[in-house]
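Understanding the architecture of this molecule
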Amino acid sequence: DSTRMHVEYVLTDPLDPDFISIDFESEERELFSNNANLKNQYINLELQKTATELQKSFLYPTLSFQAGVQPAWSSFRDLSDAGQSLITETMSLYGNLSLRYTLFNNWKSKRAVEVSRIQEDITQVGINNMKKTLSMTLLNLVELYNARIEIVRLSEQNVHYAERAYELGRNRFLTGSINSIELLTLANSKQSTEIQHYENLFNCMDTYLEIYKMTGKLQLEYEP
């Protein structure tokens, strides 16, 4: 009957988020700054560079210097005269300077340096590939977010038109211009349009949340 067609469903909380515009370059900087996997790769690169420097140190002569102090005490006493004694104290300073250079293992050291440098390059390539992958994923999300904002704006207009059509239809029903079936069709159309609009809102918020998580902002908010 007509009473059932006029039931209005009201959400407990308003669902009218204000979607902000997103600048890709700004979000990309946030992404590269906060991404935990990328940070780990940078740490691995620094460790590999340190390992390379260590291997290079074996290619050069090693100069070492050792210094020290050696104190000594001695006591002399005349056995025929117990009152005659002599105590001496001496201090010896010494220093050793040594130069070492390995001749026969030098080719092994050079090979170790080359291998370490190759590992550096591999790590750097991995970082570059990861940054490209992250950047492309973020770009796709930003473009999807912007497209979904436009869809939300269109669905808002559709909801407005559907509500207006239903109001006009109800007035015509009260004057007898249309029957209950036609009014029910307008009510169902209005309800379907609102449901589609809420789905578009959800999709847009979901994409924004993915961007928010990907750039590390969600994790930073939960850090003590």
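Residues numbered from 1 in each chain as written. Predicted model: local features only at pLDDT ≥ 70, side-chain atom pairs only at ≥ 80, totals over all residues. Heavy atoms only, no water.

Next up on the list: the overall build of the chain. The number of helices and strands found in the chain is 6 helices and 2 strands. Ordered by position in the sequence, the α and β elements of the chain form the string α-α-α-β-β-α-α-α. In the structure as shown, the chain presents an accessible area of about 16800 Å², 54% of it carried by carbon and sulfur atoms. (Helix = DSSP H or I, 4+ residues; strand = E, 2+ residues; numbered from the N terminus. Areas by Shrake-Rupley, 256 points an atom, 1.4 Å probe, with all protein chains shown as cover.)

A word on a nonpolar patch on the surface. Among the surface-exposed residues, Val 69, Met 91 and Leu 93 lie close enough to one another that they form a single nonpolar patch of about 350 Å² accessible area. If you trace the backbone, Val 69 turns up in strand S1 (residues 62-77). Judged by its relative accessible area of 49%, Val 69 falls in the partly exposed class. (Patch = residues over 30% accessible without salt bridge, like charges linked within 9 Å, V, L, I, M, F, W, Y side chains within 5 Å. Salt bridge = Lys/Arg side-chain N within 4 Å of Asp/Glu carboxyl O. Buried < 20%, exposed > 50% of the residue type's maximum accessible area, 1.4 Å probe, protein only.)

Our focus in this paragraph is the nonpolar core. For soluble globular proteins, the rule of thumb is that nonpolar side chains tend to be buried together. Core analysis: the largest hydrophobic core is formed by 14 residues, its most contacted members being Phe 19, Leu 138, Tyr 145, Cys 204, Ile 211 and Met 214. Taken together, the elements giving at least two residues each to this core come down to helix H4 (106-174) and helix H5 (180-214). Apart from the residues lying within four places of it in its own chain, the contact partners of Leu 138 are Phe 24, Glu 27, Glu 28, Leu 31, Ile 211, Met 214 and Thr 215. (Core = buried A, V, L, I, M, F, W, Y, C linked by side-chain atoms within 4.5 Å. Contact = heavy atoms within 4.5 Å.)

Turning next to helix H3 (residues 36-57). The end-to-end C-alpha distance of H3, which contains 22 residues, comes to 32 Å, matching closely the 32 Å that a straight helix rising 1.5 Å per residue would cover. For H3, every residue scored as buried is listed here: Leu 38, Leu 45, Gln 48 and Thr 52. The buried residues of H3 occupy one face: seen down the axis, they fall within an arc of 70°. In this structure, H3 carries Leu 47 and Thr 50 as exposed residues pointing more than 90 degrees from its buried face. Capping the start of H3 is the job of one residue whose side-chain oxygen sits 3.2 Å from the backbone nitrogen of Asn 37: Asn 35. (Expected span 1.5 Å × (residues − 1). Arc of directions from axis to C-beta. Polar contact = N/O pair within 3.5 Å; in protein donor to acceptor, adjacent residues only side chain to side chain.)

Moving on: the packing of aromatic side chains. By the definition in use, this model includes 3 aromatic pairs. With a centroid separation of 5.8 Å and 40° between ring planes, the pair formed by Tyr 145 and Tyr 208 is classed as tilted. With a gap of 63 residues between them, Tyr 145 in helix H4 and Tyr 208 in helix H5 connect regions that are remote in the sequence. Under the relative-accessibility criterion, Tyr 208 is labelled partly exposed at 29%. A centroid spacing of 5.8 Å and a plane angle of 25° characterise the contact between Tyr 208 and Tyr 212, whose relative ring orientation is stacked. With a gap of 4 residues between them, Tyr 208 and Tyr 212 both fall in helix H5, about one helical turn apart. Grouped by ring-pair contacts, the aromatic residues Phe 19, Tyr 145, Tyr 208 and Tyr 212 constitute a single cluster. Of note, Lys 131 hangs over the ring of Phe 32, and the distance from its end group to the ring centre comes to 4.9 Å. The lysine or arginine in question, Lys 190, covers the ring of Tyr 166, its NZ or CZ lying 5.9 Å from the ring centre. (Phe/Tyr/Trp six-rings, centres within 6.5 Å; stacked < 30°, edge-to-face > 60°. Lys NZ or Arg CZ within 6 Å of the ring centre and 35° of its normal.)

Along helix H2 (residues 24-34), the residues classified as buried are Glu 27, Glu 28, Leu 31 and Asn 34. The buried side chains of H2 occupy one side of the element, clustering within an arc of 145° when seen end-on. With respect to the buried face of H2, the exposed residues turned more than 90 degrees away are Glu 25 and Arg 29.

What follows covers the pattern of salt bridges. Under the defined criterion, the tally for this structure stands at 5 salt bridges. One salt bridge connects Arg 153 with Glu 150, and the closest N-O pair in it is separated by 2.9 Å. Placement of the pair is Arg 153 and Glu 150 together in helix H4, with a separation of 3 residues, close to one helical turn. Assessed through its relative accessible area of 42%, Glu 150 is described here as partly exposed.

This part covers the environment of Leu 184. Mapped onto the fold, Leu 184 is located in helix H5. For the pair Leu 184 and Arg 170, spaced 14 residues apart in sequence, the C-alpha to C-alpha distance is 9.5 Å.

The residue Gln 66 is located in strand S1 in this model. Spatially, the C-alpha atom of Gln 66 lies 4.9 Å from that of Asn 96, the residues being 30 residues apart in sequence.

Let us now look at the confidence of the model for the chain. The predicted coordinates should not be examined in detail at positions where pLDDT is low. Across the chain, the average pLDDT comes to 81, with 73% of residues at or above 70. Mean pLDDT across the elements of the chain bottoms out in helix H1 (residues 2-5) (48) and peaks in H5 (93). (pLDDT = per-residue confidence, 0-100.)

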